[in-house]
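Structure assessment
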Amino acid sequence: MKIITLSDYMDALAATRAAWQERYYAFYSSVLGGVVTDPLLMQVPADDHLVHRGDGVFDTFKCVDRAAYNLDAHLRRLMRSAGEIALAWPGGLEAIRETVLQTLAVAGRDDCSCRVILARGPGGFGISPYESPTPTLYVAVYAAGRPFMEAHPEGARAIRSAIPVKSGNLATFKHCNYLPNMLMKREAVDAGVDFVFSYDTRGFLAEGATENVGIVTPRRELLFPTMDSVLDGTTMLRVMQLAEALVADGMLARVAFADISEDDVRGASEVLVVGTTLNVASACAYNGEPIGDGSPGPVGTRLDAMLAHDIAANDNLRTPFRERRASALHSE
């Protein structure tokens with residue numbers, strides 16, 4: 001067994017460089033007290049309870065043209081999630097927000113994704129959260145994914161998931177135990193489909209691996225599952241707001257939360273899959289059977305275009321983002 005000391009650690013680390021790391025742009029670590037841009041230095045301590053217990057929460061947003069889309073909604077959800085596991089950060093939301101903006105400035109990318117992780121912190125390998133004297137904050141900036149319908153204009157294929165939904169309130173906040181989500185994504189890949197849909201213990205539609213799912217009924221209702229067993233997706237909530245304009249012009253009769261059975265999914269005019277990276281995807285087949293006429297429907301197509309316009313028109317943090325970049329370059 002090779003013993004690696006501090007003096008030869010960097011040489012050993014350099015040998016692990018991989019092509020996929022080129023998609024990682026910047027990483028803030030409160031353990032280090034700063035930002036690194038070399039992916040090899042984007043490390044988390046093994047004794048952080050985030051690593052060996054999944055004791056932490058996270059949220060992910062995207063930046064388009066140097067504008068952080070829906071940032072405050074994501075950070076508010078992060079703080080709500082943190083409260084669910086009695087985790088707090090000195091300075092609260094505003095301190096995290098400033099750290100996020102500075103990390104984005106160092107990354108200096110027009111378009112990217114950004115993940116914010118608030119964790120219990122290092123302190124031991126036991127189960128007690130009290131082992132960790134202070135929490136940790138990590139901010140990762142990495143390459144943005146492509147909206148689904150840009151790559152798949154024909155629409156998506158979905159099947160029913162065999163993975164049980166998360167129980168109780170574990171389903172309604174964004175914590176770092178994503179084993180069920182990972183299994184759902186593996187299930188989709190292994191089945192050769194784009195998405196899987198889970199159902200709660202009552203038999204009602206829940207969500208995808210990392211996506212919210214809704215339907216357009218034959219009565220022109222846009223329905224998403226009630227919040228009892230799903231995460232309150234920031235993109236889903238924004239899409240529901242945008243969809244009110246379609247009620248006003250008569251394309252939709254109403255927009256609401258509802259209990260949605262599998263028969264409702266099968267009989268839907270359209271099925272929509274919504275997420276931060278995806279935007280609005282139209283699922284055109286479910287369990288091998290067509291949804292509607294088997295092609296992307298008018299509501300999904302319209303909402304995807306409306307969301308894309310909303311993102312492009314978003315001016316949230318564009319100016320401060322650029323000011324921080326100029327300041328970061330000046331300090332160098």
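Please refer to the structure placed before this passage.
Below: a short report on this structure. (Residues numbered from 1 in each chain as written. Predicted model: local features only at pLDDT ≥ 70, side-chain atom pairs only at ≥ 80, totals over all residues. Heavy atoms only, no water.)

Right, let's talk about a nonpolar patch on the surface for a bit. Residues I4, Y9, M10 and L41 make up a contiguous nonpolar surface patch of about 350 Å² in total accessible area. One can find M10 in helix α1 (residues 9–14). What makes M10 partly exposed here is its relative accessible area of 46%. (Patch = residues over 30% accessible without salt bridge, like charges linked within 9 Å, V, L, I, M, F, W, Y side chains within 5 Å. Areas by Shrake-Rupley, 256 points an atom, 1.4 Å probe, with all protein chains shown as cover. Salt bridge = Lys/Arg side-chain N within 4 Å of Asp/Glu carboxyl O. Helix = DSSP H or I, 4+ residues; strand = E, 2+ residues; numbered from the N terminus. Buried < 20%, exposed > 50% of the residue type's maximum accessible area, 1.4 Å probe, protein only.)

As enumerated under the stated definition, the model contains 4 aromatic pairs in all. Ring plane angle 15 degrees and centroid distance 5.8 Å describe the contact between F27 and Y138, whose orientation is recorded as stacked. In this pair, F27 is assigned in strand β1 (residues 24–29) and Y138 in strand β6 (residues 136–142), connecting sequence segments 111 residues apart. Using a relative accessible area of 8% as the deciding quantity, one classes F27 as buried. With a centroid separation of 5.3 Å and an interplanar angle of 45 degrees, the aromatic rings of F148 and F195 are classed as tilted. Highlighted residues: F148 in helix α5 (residues 148–151) and F195 in strand β8 (residues 195–197), separated in sequence by 47 residues. Residue F148 is classed as buried on the basis of its relative accessible area, which comes to 8%. (Phe/Tyr/Trp six-rings, centres within 6.5 Å; stacked < 30°, edge-to-face > 60°.)

By size, the foremost hydrophobic cluster in this structure holds 27 residues, and its most contacted members are F61, V100 and V116. At the level of elements, β1, β3 (56–64), α3 (71–84), α4 (92–107), β5 (112–119) and β6 are the ones that each hand at least two residues to this core. Element by element, the count of residues in this core is highest for α4, at 5 residues. In this structure, F61 is in contact with A68, Y69, L71, H74, V100, L104, S113, C114, V116 and T276, ignoring residues within four places of it in sequence. In this structure, A158, F195, L205 and I260 belong to the second largest nonpolar core, which totals 23 residues. (Core = buried A, V, L, I, M, F, W, Y, C linked by side-chain atoms within 4.5 Å. Contact = heavy atoms within 4.5 Å.)

Over the atoms, a rolling probe the size of a water molecule traces out where space has been left empty. Reported here for the largest pocket is a volume of approximately 890 Å³. Along its surface, the largest pocket is lined by 38 residues, and T210, E211, T276, T277 and L278 are the ones closest to its centre. If you list the elements that add at least two residues to the lining of the largest pocket, you get β3, β5, α6 (179–191), α7 (234–248) and β12 (270–275). Its residues placed into classes, the lining of the largest pocket shows 15 nonpolar, 15 polar and 8 charged. (1 Å grid on protein atoms, 1.4 Å probe; cavity = no way out; pocket = protein on both sides within 12 Å on 5 of 7 lines; lining within 4 Å. Points joined across faces, edges and corners; volume = space filled by probe spheres on them. Nonpolar A, V, L, I, M, F, W, Y, C, P; charged D, E, K, R; others polar.)

Strand order in the open sheet formed by 6 strands is β2-β1-β6-β5-β3-β4, and the pairing between neighbours is antiparallel. Since the sheet does not close on itself, it has two edges, and those belong to β2 (34–36) and β4 (67–69), each with one partner. Each strand of the sheet is rotated relative to its neighbour by a mean of 25 degrees, with strand direction disregarded. Bridge count for β1 against β2 is 3 bridges, and the pairing is antiparallel. Note on β2: the bridge partner recorded for Y28 is V35. Contacting β3, β4 and β5, α3 runs over the sheet at an angle of about 175 degrees to β3. (Pairing = 2+ DSSP bridges. Axes fitted to C-alpha atoms, helices over the stretch in contact; angles between N-to-C directions.)

Evaluated as defined, the whole model comprises 3 cavities of 30 Å³ or more. Considering only enclosed or pocket space, the largest cavity measures out at about 100 Å³ in volume. Along its surface, the largest cavity is lined by P164, V165, K166, A171, P180, N181, M184, S198, E207, G208 and S229. Classifying every residue of the lining of the largest cavity by side-chain character gives 5 nonpolar, 4 polar and 2 charged. Space inside the second largest cavity adds up to approximately 50 Å³. Taken together, the elements giving at least two residues each to the lining of the second largest cavity come down to β3, α7 and α9 (298–313).

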